[in-house]
Amino acid sequence: GIQVEQSPPDLILQEGANSTLRCNFSDSVNNLQWFHQNPWGQLINLFYIPSGTKQNGRLSATTVATERYSLLYISSSQTTDSGVYFCAVETLGGGTSYGKLTFGQGTILTVHP
Amino acid sequence: DGGITQSPKYLFRKEGQNVTLSCEQNLNHDAMYWYRQDPGQGLRLIYYSQIVNDFQKGDIAEGYSVSREKKESFPLTVTSAQKNPTAFYLCASSPTSGGYNEQFFGPGTRLTVL
(Lines give C-alpha, C1' and ligand atoms only; values in the text may rest on other atoms or scores of the structure.)
Protein backbone atom coordinates (compact mmCIF):
# COMPACT_ATOMS: atom_id res chain seq x y z
CA GLY A 1 0.00 0.00 0.00
CA ILE A 2 0.87 3.66 -0.16
CA GLN A 3 3.47 4.98 2.31
CA VAL A 4 3.11 8.41 3.93
CA GLU A 5 6.08 9.95 5.70
CA GLN A 6 6.01 13.16 7.70
CA SER A 7 8.93 15.25 8.85
CA PRO A 8 10.15 16.34 11.25
CA PRO A 9 8.65 13.99 13.86
CA ASP A 10 9.03 16.64 16.57
CA LEU A 11 9.31 20.41 16.39
CA ILE A 12 9.79 22.89 19.22
CA LEU A 13 9.33 26.62 18.56
CA GLN A 14 9.19 29.90 20.38
CA GLU A 15 6.00 31.88 19.95
CA GLY A 16 6.21 34.03 16.83
CA ALA A 17 8.47 31.70 14.86
CA ASN A 18 7.63 30.24 11.45
CA SER A 19 7.76 26.55 10.53
CA THR A 20 7.38 24.15 7.61
CA LEU A 21 6.05 20.61 7.94
CA ARG A 22 6.56 18.12 5.13
CA CYS A 23 4.54 15.13 3.89
CA ASN A 24 5.96 12.71 1.31
CA PHE A 25 3.87 9.97 -0.27
CA SER A 26 4.90 6.99 -2.36
CA ASP A 27 2.15 6.85 -5.01
CA SER A 28 -0.29 9.03 -6.93
CA VAL A 29 -3.15 10.41 -4.85
CA ASN A 30 -6.51 12.00 -5.60
CA ASN A 31 -7.00 13.61 -2.19
CA LEU A 32 -4.72 14.99 0.49
CA GLN A 33 -5.79 16.45 3.80
CA TRP A 34 -3.95 18.17 6.63
CA PHE A 35 -5.31 17.88 10.17
CA HIS A 36 -4.44 19.33 13.57
CA GLN A 37 -5.12 17.04 16.53
CA ASN A 38 -5.65 19.06 19.69
CA PRO A 39 -4.76 17.83 23.20
CA TRP A 40 -8.27 16.38 23.63
CA GLY A 41 -7.87 14.21 20.54
CA GLN A 42 -10.19 16.12 18.22
CA LEU A 43 -9.03 16.15 14.60
CA ILE A 44 -9.52 19.58 13.07
CA ASN A 45 -9.56 19.95 9.30
CA LEU A 46 -6.92 22.39 8.08
CA PHE A 47 -6.76 21.85 4.33
CA TYR A 48 -8.23 19.66 1.62
CA ILE A 49 -5.52 20.08 -0.99
CA PRO A 50 -4.94 17.38 -3.61
CA SER A 51 -2.88 19.90 -5.61
CA GLY A 52 -1.95 23.57 -5.67
CA THR A 53 -1.70 26.12 -2.87
CA LYS A 54 -4.24 27.29 -0.31
CA GLN A 55 -4.06 29.79 2.53
CA ASN A 56 -6.14 30.21 5.65
CA GLY A 57 -4.95 32.96 7.97
CA ARG A 58 -1.50 32.15 9.34
CA LEU A 59 -1.55 28.70 7.74
CA SER A 60 -0.92 27.79 4.15
CA ALA A 61 -0.34 24.54 2.29
CA THR A 62 1.12 23.48 -1.02
CA THR A 63 0.79 20.09 -2.69
CA VAL A 64 2.99 19.16 -5.67
CA ALA A 65 1.23 15.98 -6.78
CA THR A 66 3.67 15.20 -9.60
CA GLU A 67 6.56 15.15 -7.11
CA ARG A 68 4.52 13.41 -4.40
CA TYR A 69 4.86 15.83 -1.51
CA SER A 70 2.92 18.44 0.41
CA LEU A 71 4.07 21.25 2.72
CA LEU A 72 2.24 22.93 5.58
CA TYR A 73 3.47 26.39 6.56
CA ILE A 74 2.71 27.93 9.94
CA SER A 75 3.65 31.58 10.35
CA SER A 76 3.86 33.61 13.56
CA SER A 77 3.17 30.51 15.64
CA GLN A 78 1.08 30.73 18.81
CA THR A 79 0.89 28.44 21.83
CA THR A 80 -2.55 27.31 20.63
CA ASP A 81 -0.87 25.84 17.53
CA SER A 82 0.65 23.12 19.71
CA GLY A 83 -0.51 19.59 19.02
CA VAL A 84 -0.02 16.91 16.40
CA TYR A 85 -0.27 17.66 12.68
CA PHE A 86 -1.28 14.82 10.40
CA CYS A 87 -1.13 14.45 6.68
CA ALA A 88 -3.50 11.88 5.12
CA VAL A 89 -3.85 10.75 1.51
CA GLU A 90 -6.53 8.98 -0.49
CA THR A 91 -5.22 6.79 -3.29
CA LEU A 92 -6.41 6.74 -6.87
CA GLY A 93 -8.65 4.01 -8.20
CA GLY A 94 -12.22 3.01 -7.58
CA GLY A 95 -13.67 0.02 -5.80
CA THR A 96 -12.29 -0.65 -2.38
CA SER A 97 -9.59 2.03 -2.64
CA TYR A 98 -12.10 4.88 -2.76
CA GLY A 99 -12.48 6.80 0.46
CA LYS A 100 -9.58 5.19 2.28
CA LEU A 101 -7.32 7.72 3.95
CA THR A 102 -3.81 6.61 4.82
CA PHE A 103 -2.27 8.71 7.59
CA GLY A 104 1.30 9.63 8.26
CA GLN A 105 2.76 9.28 11.76
CA GLY A 106 2.35 12.96 12.47
CA THR A 107 4.53 15.90 13.54
CA ILE A 108 4.36 16.87 17.21
CA LEU A 109 4.55 20.67 17.45
CA THR A 110 5.23 22.41 20.74
CA VAL A 111 5.10 26.22 20.84
CA HIS A 112 6.55 27.87 23.96
CA PRO A 113 5.48 31.34 25.12
CA ASP B 1 -25.67 22.36 14.82
CA GLY B 2 -24.36 20.13 12.06
CA GLY B 3 -21.71 17.64 12.98
CA ILE B 4 -20.58 14.19 14.02
CA THR B 5 -21.25 12.89 17.51
CA GLN B 6 -19.66 9.89 19.19
CA SER B 7 -20.67 8.29 22.45
CA PRO B 8 -19.58 7.54 25.00
CA LYS B 9 -16.48 9.70 25.38
CA TYR B 10 -14.82 7.15 27.67
CA LEU B 11 -15.62 3.44 27.85
CA PHE B 12 -14.27 0.73 30.11
CA ARG B 13 -14.74 -2.91 29.29
CA LYS B 14 -13.80 -6.18 30.91
CA GLU B 15 -11.90 -8.69 28.86
CA GLY B 16 -14.18 -11.04 26.98
CA GLN B 17 -17.05 -8.54 26.61
CA ASN B 18 -18.35 -7.07 23.39
CA VAL B 19 -18.93 -3.32 23.32
CA THR B 20 -20.64 -1.02 20.80
CA LEU B 21 -19.46 2.51 20.01
CA SER B 22 -21.96 4.97 18.63
CA CYS B 23 -21.43 7.37 15.70
CA GLU B 24 -24.11 9.72 14.38
CA GLN B 25 -23.90 12.47 11.75
CA ASN B 26 -26.41 15.08 10.61
CA LEU B 27 -24.35 16.38 7.70
CA ASN B 28 -26.27 14.30 5.14
CA HIS B 29 -22.99 12.65 4.16
CA ASP B 30 -23.11 9.41 2.19
CA ALA B 31 -19.89 7.83 3.46
CA MET B 32 -18.87 7.00 7.02
CA TYR B 33 -15.65 5.57 8.44
CA TRP B 34 -14.15 4.11 11.60
CA TYR B 35 -10.49 4.60 12.50
CA ARG B 36 -8.36 3.43 15.36
CA GLN B 37 -5.48 5.45 16.88
CA ASP B 38 -2.86 3.99 19.20
CA PRO B 39 -0.59 6.22 21.34
CA GLY B 40 1.96 8.13 19.25
CA GLN B 41 0.59 6.74 16.00
CA GLY B 42 -1.44 7.87 13.04
CA LEU B 43 -4.97 6.64 12.37
CA ARG B 44 -5.73 3.27 10.78
CA LEU B 45 -8.94 2.41 8.95
CA ILE B 46 -11.16 -0.30 10.45
CA TYR B 47 -14.33 -0.24 8.30
CA TYR B 48 -16.04 2.15 5.93
CA SER B 49 -19.42 2.49 4.29
CA GLN B 50 -20.23 4.43 1.15
CA ILE B 51 -23.98 3.78 1.21
CA VAL B 52 -26.69 2.44 3.47
CA ASN B 53 -26.68 -1.36 3.91
CA ASP B 54 -23.19 -1.67 2.44
CA PHE B 55 -19.74 -1.55 4.06
CA GLN B 56 -16.17 -2.68 3.37
CA LYS B 57 -13.30 -3.85 5.51
CA GLY B 58 -10.42 -1.49 6.04
CA ASP B 59 -6.86 -2.36 6.93
CA ILE B 60 -7.49 -3.70 10.45
CA ALA B 61 -11.05 -5.13 10.45
CA GLU B 62 -10.34 -8.33 12.41
CA GLY B 63 -12.22 -8.40 15.71
CA TYR B 64 -14.61 -5.60 14.72
CA SER B 65 -18.08 -5.48 13.16
CA VAL B 66 -20.29 -2.68 11.84
CA SER B 67 -23.77 -2.03 10.48
CA ARG B 68 -25.23 0.75 8.35
CA GLU B 69 -29.01 0.58 8.60
CA LYS B 70 -29.50 4.34 8.46
CA LYS B 71 -27.60 7.04 6.58
CA GLU B 72 -27.00 8.95 9.81
CA SER B 73 -25.64 6.09 11.93
CA PHE B 74 -22.62 3.76 11.73
CA PRO B 75 -22.10 1.87 15.02
CA LEU B 76 -18.91 -0.12 15.63
CA THR B 77 -18.84 -3.26 17.77
CA VAL B 78 -15.54 -4.27 19.31
CA THR B 79 -15.80 -8.00 19.87
CA SER B 80 -13.95 -10.24 22.30
CA ALA B 81 -11.96 -11.50 19.29
CA GLN B 82 -10.09 -8.18 19.08
CA LYS B 83 -6.79 -8.93 20.80
CA ASN B 84 -5.72 -5.38 21.71
CA PRO B 85 -8.87 -3.27 21.86
CA THR B 86 -7.57 -0.50 24.13
CA ALA B 87 -7.29 2.52 21.82
CA PHE B 88 -8.82 5.82 20.73
CA TYR B 89 -11.60 5.29 18.17
CA LEU B 90 -12.57 8.01 15.72
CA CYS B 91 -15.54 8.12 13.39
CA ALA B 92 -15.60 10.23 10.23
CA SER B 93 -17.95 11.07 7.38
CA SER B 94 -17.62 12.56 3.90
CA PRO B 95 -20.00 13.71 1.16
CA THR B 96 -18.46 11.75 -1.75
CA SER B 97 -20.36 13.82 -4.28
CA GLY B 98 -18.81 14.94 -7.53
CA GLY B 99 -15.44 13.58 -6.53
CA TYR B 100 -15.27 15.80 -3.42
CA ASN B 101 -14.43 13.48 -0.54
CA GLU B 102 -13.19 15.60 2.37
CA GLN B 103 -13.48 13.65 5.59
CA PHE B 104 -14.65 15.23 8.86
CA PHE B 105 -14.13 13.62 12.25
CA GLY B 106 -16.08 13.20 15.46
CA PRO B 107 -14.56 13.82 18.92
CA GLY B 108 -13.65 10.15 19.49
CA THR B 109 -14.21 7.43 22.10
CA ARG B 110 -11.41 6.23 24.37
CA LEU B 111 -11.85 2.51 25.04
CA THR B 112 -9.96 0.85 27.88
CA VAL B 113 -10.06 -2.89 28.45
CA LEU B 114 -9.49 -3.82 32.08
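Cut-off values and rules
Residues numbered from 1 in each chain as written. Chains lettered and ligands numbered in written order. Predicted model: local features only at pLDDT ≥ 70, side-chain atom pairs only at ≥ 80, totals over all residues. Heavy atoms only, no water. Salt bridge = Lys/Arg side-chain N within 4 Å of Asp/Glu carboxyl O. Helix = DSSP H or I, 4+ residues; strand = E, 2+ residues; numbered from the N terminus. Buried < 20%, exposed > 50% of the residue type's maximum accessible area, 1.4 Å probe, protein only. Pairing = 2+ DSSP bridges. Core = buried A, V, L, I, M, F, W, Y, C linked by side-chain atoms within 4.5 Å. Axes fitted to C-alpha atoms, helices over the stretch in contact; angles between N-to-C directions. Disulfide = S-S within 2.5 Å.

Caption draft 1: Spatial organisation of the pattern of salt bridges. Going through the model one piece at a time under the given rule, you end up with four salt bridges over all chains. A salt bridge links Asp81 of chain A to Arg58 of chain A; its shortest N-O distance comes to 2.9 Å. Of this pair, Asp81 of chain A sits in the loop between β8 (69-74) and β9 (83-91) while Arg58 of chain A sits in the loop between β6 (52-56) and β7 (59-64), and the two are 23 residues apart along the sequence. By relative accessible area, which is 25% here, Arg58 of chain A ends up partly exposed. When the shortest N-O distance is used, the salt bridge between Asp30 of chain B and Lys71 of chain B registers 3.4 Å. Of this pair, Asp30 of chain B sits in the loop between β3 (19-25) and β4 (31-37) while Lys71 of chain B is found in the loop between β7 (64-66) and β8 (76-78), placing the two residues 41 residues apart along the sequence. Three or more residues are tied together by salt bridges with common partners; here these are Arg36, Asp38 and Arg44 of chain B.

Caption draft 2: Layout of the pairing of strand β11 (residues 109-113) of chain B. Residue and element names in this part refer to chain B. Side chains Thr109, Leu111 and Val113 of β11 all project onto a buried face; the interleaved residues Arg110 and Thr112 project onto a face where none is buried. Two elements, strand β2 (residues 10-13) and β11, share four bridges in a ladder whose sense is parallel. Bridge pairing in β11 places Arg13 opposite Val113.

Caption draft 3: Local environment of the nonpolar core. With 22 residues, the main nonpolar core has Trp34, Phe47, Leu72 and Val89 of chain A as its most contacted residues. Mapped onto this core, the elements with two or more residues apiece are β2 (10-14), β3 (19-25), β4 (29-37), β5 (43-48), β7, β8, β9 and β11 (107-112) of chain A. Counting residues in each nonpolar core, the second largest holds 20 residues, with Cys23, Val66, Leu76 and Ala87 of chain B among its members.

Caption draft 4: Highlighting the sheet that holds β7 of chain A. All names here are of chain A. Sheet architecture is open: five strands sit in the order β1-β3-β8-β7-β6, paired in antiparallel fashion. Among the strands making up the open sheet, the edge pair consists of β1 (4-7) and β6. Going from strand to strand, the sheet's axes swing by 15° on average, the running direction of each strand aside.

Caption draft 5: Broad picture of the state of the cysteines. Residues and elements named next belong to chain A. Under the counting rule described, the total for this entry stands at two disulfides over all chains. Through a disulfide, Cys23 is tied to Cys87; the S-S separation comes to 2.0 Å. Judged by the torsion about the S-S bond (-55°), the Cys23/Cys87 disulfide is left-handed. Of this pair, Cys23 sits in strand β3 while Cys87 is found in strand β9, placing the two residues 64 residues apart along the sequence.

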